[in-house]
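# Structural features, examined
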Amino acid sequence: MTSEEILHLLGLMLQYLMPTLKLFGATLLYAIPLGMVVALMKMCRFKPLSWLTNLYILIMRGTPLLLQIIVVYYSVPTIRSSASCPAGLRTLLERVELKGDAGDVYMFRMILLAFVLNYAAYFAEIFRGGIESIPKGQYEAAAMLGFTRLQTFFRIILPQVVKRVIPASSNEVITLVKDTSLAYAMGYMEIMYIAKKQMTTFSSLTPLFLAGAFYFVMATVLTMLFGLAEKKLDYYK
Amino acid sequence: MANMLEVKGLQKSFGELDVLKDITFDVAQGEVVAVIGPSGSGKSTLLRCLTQLERADGGTVSVCGEPMLTAEGYRDTKTLHQIRLKTGLVFQNFNLFPHMSVLRNITEAPTVVLKTDKAQAQARAKELLKKMGLEAKADAYPCELSGGQQQRVSIARALALSPEILFFDEPTSALDPELTGEILAVIKELAAEGMTMVIVTHEMAFARDVADRVIFMEHGVIVEQGAPSQLFGDSASDRVKQFLARFNG
Ligand SMILES: Nc1ncnc2c1ncn2[C@@H]1O[C@H](COP(=O)(O)OP(=O)(O)O)[C@@H](O)[C@H]1O
Ligand SMILES: [Mg+2]
């Protein structure tokens, strides 16, 4: 490839970086709070809820994300068109399954849903570990000072959990930025998609290396950001 | 003198294990009571039941004249909360909030729980720190302090809510021997100011020195209680004598 072509390719890839970042950012936005809720559900004293949550986590962590994406994506049209689908559900699914010009919206939503469900399970296990690592004495001291359970969680426990879960979360987040490339399998137009297409057009591996460089830079930036965050929270032990 | 604490027939078991059996005692206003006894005798459980960290299985408890646990059971949540604010507990291992500065450790509960004005809470916290000889440490974090300093902060934190009665569970047991003195000095000062206190301790010399009354517990019962001169001088109980001999010998 000529340097002109490479420059053009670079510009093209920058355009396709946006969908990658969109999937990445949206996944974090939903998966982190959901992960916290799932962690609390798993620790819930009401056992059936705890077991159900655990089953969800086991499935999400025990099966490939790619499989989950495909299942979520095809679940709506498959269930809708099945003979045994109740009419009410069918109307609902028809409203979810946007077609034609809105097909891209449907695709993004379904891919995002699969990512969020999967990553929430991983975050949940990290958060649960973090919450359980806080000594019982912290809860007792808070109770003696008259804090409510909610105040104790948000003022005393959560800030300490955040510090403890940063290293493990950092691994997940960096894995996520690379995992966004799986969306390529559904035809989601992100960096992998354009790299593969240009590879065929130019019969060259260069687009793939460029795509790799993009992921590498994003992962490195994230590593640095998490390093900074860790340092920022280093003021106490 | 009014009783700040009235405990009658208090019982607590963990499964099959009866940890507290029929505990009865009162604490008068301004009185300092030391609770001694071998480890496993139920001293911590007693304090934890009196401070609502543990639910007792039977008996009655009144704090500052307010029934907390009656024959009908525990009072409603709101009343229990009000009663809890009258009691403070100083833990063996401090349990300071590590992510908050020393000042914030002390002001957090007054501002959040009592809705005290922030400036006022800070002024009070600084006053308390001064009293603890820690005014220079207001902006430090707990991990930067010695054990003795951390324990003094935790006492200040408990005092910030102006409790009517203060419980201590072996406040010097986690400290190096050379640091226990500073904590005992603080407790002595509080005693001189008329603070009502119940102190579980292994510091026999201190108990003898500062307590108005000593309670000896074993196997979940009060074996003997009385003035320090009585228990440490010529106890009626051989068991008490035997226990104390270990410390004197
Ligand atoms: N949460 C608990 N569950 C079960 N047993 C407990 C619990 N807390 C204390 N115990 C038991 O109760 C007994 C008294 O304990 P504790 O009150 O801590 O004694 P002390 O403070 O006098 O050393 C011990 O045998 C201890 O093992
Ligand atoms: Mg104990």
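So, how was this worked out
Residues numbered from 1 in each chain as written. Chains lettered and ligands numbered in written order. Predicted model: local features only at pLDDT ≥ 70, side-chain atom pairs only at ≥ 80, totals over all residues. Heavy atoms only, no water. Helix = DSSP H or I, 4+ residues; strand = E, 2+ residues; numbered from the N terminus. Buried < 20%, exposed > 50% of the residue type's maximum accessible area, 1.4 Å probe, protein only. Contact = heavy atoms within 4.5 Å. Lys, Arg positive; Asp, Glu negative; His and termini not counted. Charge placed at Lys NZ, Arg CZ, Asp CG, Glu CD. Pairing = 2+ DSSP bridges. Right-handed = clockwise from strand over helix to strand, strands pointing away. Buried area = accessible area lost by both parts, 1.4 Å probe. Salt bridge = Lys/Arg side-chain N within 4 Å of Asp/Glu carboxyl O. Nonpolar A, V, L, I, M, F, W, Y, C, P; charged D, E, K, R; others polar. Polar contact = N/O pair within 3.5 Å; in protein donor to acceptor, adjacent residues only side chain to side chain. Axes fitted to C-alpha atoms, helices over the stretch in contact; angles between N-to-C directions. Near = heavy atom within 4 Å. Areas by Shrake-Rupley, 256 points an atom, 1.4 Å probe, with all protein chains shown as cover. pLDDT = per-residue confidence, 0-100.

Time to look at the overall build of chain A. The helix and strand tally for chain A stands at nine helices and zero strands. Along the longest, intermediate and shortest principal axes, the C-alpha atoms of chain A span 70 × 55 × 25 Å. In chain A, which comprises 237 residues, the share counted as buried stands at 44%. Residue pairs in contact within chain A that sit at least 24 positions apart in sequence constitute 76% of those at least 6 positions apart. With 22 positive and 14 negative side-chain charges, chain A shows a separation of 11 Å between the mean positions of the two kinds.

All names here are of chain B. Counting buried positions along strand β9 (residues 196–200) gives five out of five residues, so the element sits mostly inside the fold. Neither face of β9 is exposed, since Thr196, Val198 and Val200 on one face and Met197 and Ile199 on the opposite face are all buried. As paired elements, strand β8 (residues 165–169) and β9 share five bridges and run parallel to each other. Pairing of phenylalanine 168 across the sheet is with isoleucine 199, part of β9. Chirality of the crossover, the property in question, places the unit of β8, helix α6 (residues 177–192) and β9 among those that are right-handed.

Across the contact, 24 residues belong to chain B and 18 residues belong to chain A. Buried area between chain B and chain A, both sides added, is near 2,000 Å², and the carbon and sulfur share of it is 67%. The interface formed by chain B and chain A contains two salt bridges. Measuring nitrogen to oxygen at the nearest pair gives 3.0 Å for the salt bridge that ties A:Arg155 to B:Glu108. Elements that contribute at least two residues to the side of chain B that touches chain A include exactly α2 (77–85), β7 (87–90) and α3 (102–112) of chain B. Residues of the side of chain B that touches chain A, tallied by class, amount to 14 nonpolar, six polar and four charged.

Residues and elements named next belong to chain B. Summarising the element assignment, glutamate 31 is placed in the loop between β2 (17–28) and β3 (32–36). Residue classification places glutamate 31 among the buried residues on the basis of a relative accessible area of 14%. In terms of polar contacts, glutamate 31 uses its side chain to reach the backbone amide nitrogen of alanine 28, at 2.8 Å. Ignoring anything within four residues of it in the chain, the contact list for glutamate 31 reads Asp26, Met195, Thr196, Met197, Asp212 and Arg213.

Residues and elements named next belong to chain B. Strand order in the open sheet formed by five strands is β2-β1-β4-β5-β6, and the pairing between neighbours is antiparallel. Unpaired on one side and paired on the other, β2 and β6 (73–74) mark the two borders of the sheet. Relative to strand β5 (residues 66–70), strand β4 (residues 58–63) runs antiparallel, the two being bridged by three bridges. For valine 63, the partnering residue across the bridge sits in β5 and is glutamate 66. In the packing of helix α1 (residues 43–50) onto the sheet, the strands contacted are β1 (3–14), β2, β4, β5 and β6, and the crossing angle to β1 comes to about 120°. Contacting β4, β5 and β6, α2 runs over the sheet at an angle of about 120° to β5.

A separate point is the site of ligand 1. Residue and element names in this part refer to chain B. Within the structure, ligand 1 sits among Phe14, Leu17, Val19, Pro38, Ser39, Gly40, Ser41, Gly42, Lys43, Ser44 and Thr45. A distance of 2.5 Å separates an oxygen atom of ligand 1 from a polar atom in the side chain of threonine 45. Burial of ligand 1 by the surrounding chains reaches 59%, relative to a free accessible area of 560 Å². Every element with two or more residues in the shell around ligand 1 is listed here: β2 and α1. Broken down by element, the residue count for the shell around ligand 1 peaks at three residues, all from α1. Class assignment of the residues belonging to the shell around ligand 1 gives a composition of four nonpolar, six polar and one charged.

This part takes up the pairing of strand β10 (residues 213–218) of chain B. With respect to burial, β10(B) is a largely interior element, six of its six residues being buried. Neither face of β10(B) is exposed, since B:Arg213, B:Ile215 and B:Met217 on one face and B:Val214, B:Phe216 and B:Glu218 on the opposite face are all buried.

The next point concerns the confidence of the model for chain B. Looking at chain B as a whole, the pLDDT averages 94, with 99% of positions reaching at least 70. Here the predicted complex scores 0.90 on pTM and 0.95 on ipTM.

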